[in-house]
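Each chain is listed here by its residues.
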Amino acid sequence: MSTQEPRRDEYDVVVVGAGAGGLAAAVAAAHEGASVLVLESADVCGGATAWSGGWLWAPRSLLAKAEGIDESIDDVKAYLRAALGEDYDEARIDAFLRAAPEMIEFFHTRTALEFVPGSRINDIYGELPHAGTGNRSAGAKPINARRLSPSVRRLLRGQLYETSFLGMGIMAGPDLGAFLAAARGSLRGLWHCAWRFGFHVVDLVLHRQGWQLVNGQALIGRLLQSAEDAGVEILVSSPARSLVTGEDGRVSGVVVQTPAGSRTIAARSGVVLAGGGFPNDPERRRQRFPRTPTGREHWTLAPETADGSGVTLGESVGGVLTQG
């Protein structure tokens, strides 16, 4: 799946960035029969997603319905209207609420990305009208790295130690609930913690890292396996440097700096920009965000490569640029 050089000079779709957004776009395109190349500037995949909780807010999905929850779309829209205020955009909200359940069903039923429902995950703004108390979120189903191919394991960004317990990720929901119960003396919670940490110690001895993947690591690991299964090609340590455009401004490819040198890759159908922005560029943060007058007021989980040095189109860091 990963090589030092692209296998061809032209693909149907070129994706810049191997976080959740970029990998999801790549997998979806490949399932539609497109040839797909993913370019990643770091030497591993996952970006900030691999260090995140990995949960998706996707109400009214098949997971919720399987739990017996079939809420009105008007309730969901009322919550969003209260949360977004004057930023509420009816057309975009309708498009999102229509596509989110379709996205969950596609990945859950046709790829290696299986989900678990957020049965006890409340909406963030719980004090607002129509806030949900569960089943509006979905998280990647935990997976043991043994079920991933060796090439996928090599590409996966490791667990962020600072947000783990001795390198062991803990998933929101029943997993976290059991750890909290153990702290209160629950025998069931203590047993859960014992077997979880016991397997983690075994993994540390055998592999020098935990292999029970949860949260963002499970999301990226499953997406990478889905990409490999679908024939997606991924190049790491290969930042995109510029877009190739014609006289009419249409995008026809991308210039990439591979370990073997600079290459120009044509994209017949389009280039997807999913590079993740510039959270590790203090100067651009200072310029763009009014609440960070020096650009250093906030910490970020994003890796150091998220510095905005890759391909952009003006201030754009995400989107689909097509030929027609």
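Residues numbered from 1 in each chain as written. Predicted model: local features only at pLDDT ≥ 70, side-chain atom pairs only at ≥ 80, totals over all residues. Heavy atoms only, no water.

1. Points about the pattern of salt bridges
The condition that has to hold: A side-chain nitrogen of Lys or Arg and a carboxyl oxygen of Asp or Glu constitute a salt bridge if their distance falls within 4 Å. Helical segments are the DSSP runs of H or I of at least four residues, strand segments are the runs of E of at least two, and each set is numbered from the N terminus. Whether a residue is buried, partly exposed or exposed follows from its accessible area with a 1.4 Å probe, protein chains only, as a fraction of its type maximum: under 20%, in between, or over 50%, in that order.
Enumeration according to the criterion identifies 17 salt bridges in this entry. One salt bridge in this structure joins Arg268 and Glu10, with 2.6 Å as the shortest N-O distance. Of this pair, Arg268 sits in strand 11 (residues 261–274) while Glu10 sits in strand 1 (residues 10–16), and the two are 258 residues apart along the sequence. Assessed through its relative accessible area of 33%, Arg268 is described here as partly exposed. According to the relative accessible area criterion, Glu10 is partly exposed, its value standing at 35%. The salt bridge involving Glu71 is made with Arg136; its shortest N-O contact spans 2.9 Å. In this pair, Glu71 sits in the loop between helix 2 (62–66) and helix 3 (73–84) while Arg136 sits in the loop between strand 4 (115–117) and strand 5 (137–140), placing the two residues 65 residues apart along the sequence. Taken together, the salt bridges that share partners define one network made up of Lys77, Arg81, Glu90 and Asp94.

2. A few points about the nonpolar core
For clarity, the threshold we go by: Among buried residues, those of type Ala, Val, Leu, Ile, Met, Phe, Trp, Tyr and Cys that are joined through side-chain atoms within 4.5 Å constitute a nonpolar core.
Membership of the largest hydrophobic core comes to 42 residues, with the highest contact counts inside it found for Val36, Val38, Leu224, Val232 and Ile234. Those elements that place two or more of their residues in this core are strand 1, helix 1 (20–31), strand 2 (36–39), helix 4 (90–110), strand 5, helix 5 (150–155) and helix 8 (215–229). By size, the runner-up hydrophobic cluster in this structure holds 15 residues, among which are Val251, Val254, Ala267 and Leu273.

3. Concerning the environment of Ser72
Assignment of secondary structure puts Ser72 in the loop between helix 2 and helix 3. The sequence separation of Ser72 and Leu243 amounts to 171 residues, and the corresponding C-alpha distance is 43 Å.

4. As for the confidence of the model for the chain
The condition that has to hold: The pLDDT value expresses, per residue, how confident the predictor is, ranging between 0 and 100. Two residues form a contact once any of their heavy atoms are found within 4.5 Å.
Per-residue confidence for the chain gives a mean pLDDT of 91, with 94% of residues at or over 70. Here residues 313–318 is modelled with pLDDT under 50, and outside its nearest four sequence neighbours on either side it reaches 13 contacts, counting other chains as well.

5. Some thoughts on the pairing of strand 5
Residues in a regular strand project their side chains so that they alternate between the two faces of the sheet. In plain terms, the rule: At least two DSSP bridges between two strands are required for those strands to pair.
Side chains Ser137 and Gly139 of strand 5 all project onto a buried face; the interleaved residues Ala138 and Ala140 project onto the opposite face, where all are buried too. Looking at chain direction, strand 3 (residues 55–57) and strand 5 are connected through three bridges and run antiparallel. Note on strand 5: the bridge partner recorded for Trp55 is Gly139. Of the strand pairs in this sheet, strand 4 and strand 5 are connected by three bridges, and their pairing is antiparallel.

6. A closer look at the packing of helix 1 against helix 4
Using the following cut-off: Between N-to-C directions, angles span 0 to 180 degrees; the directions come from axes that are lines fitted to C-alpha atoms, helices contributing only their stretch in contact. Every angle not falling under 35 degrees, over 145, or within 65 to 115 is termed oblique; those three ranges are roughly parallel, roughly antiparallel and roughly perpendicular. Amino acids outside the nonpolar list (Ala, Val, Leu, Ile, Met, Phe, Trp, Tyr, Cys, Pro) and the charged list (Asp, Glu, Lys, Arg) are all regarded as polar, and Gly is one of them.
Remark: helix 1 packs on helix 4, axes separated minimally by 12 Å, with the N-to-C direction vectors making an angle of 70 degrees. Classified by the angle their axes make, helix 1 and helix 4 are roughly perpendicular. Each of Ala24, Val27, Ala28 and His31 in helix 1 lies in contact with helix 4, whose residues at this interface are Phe106, Phe107 and Arg110. In terms of residue class, the contact of helix 1 with helix 4 is made up of five nonpolar, one polar and one charged.

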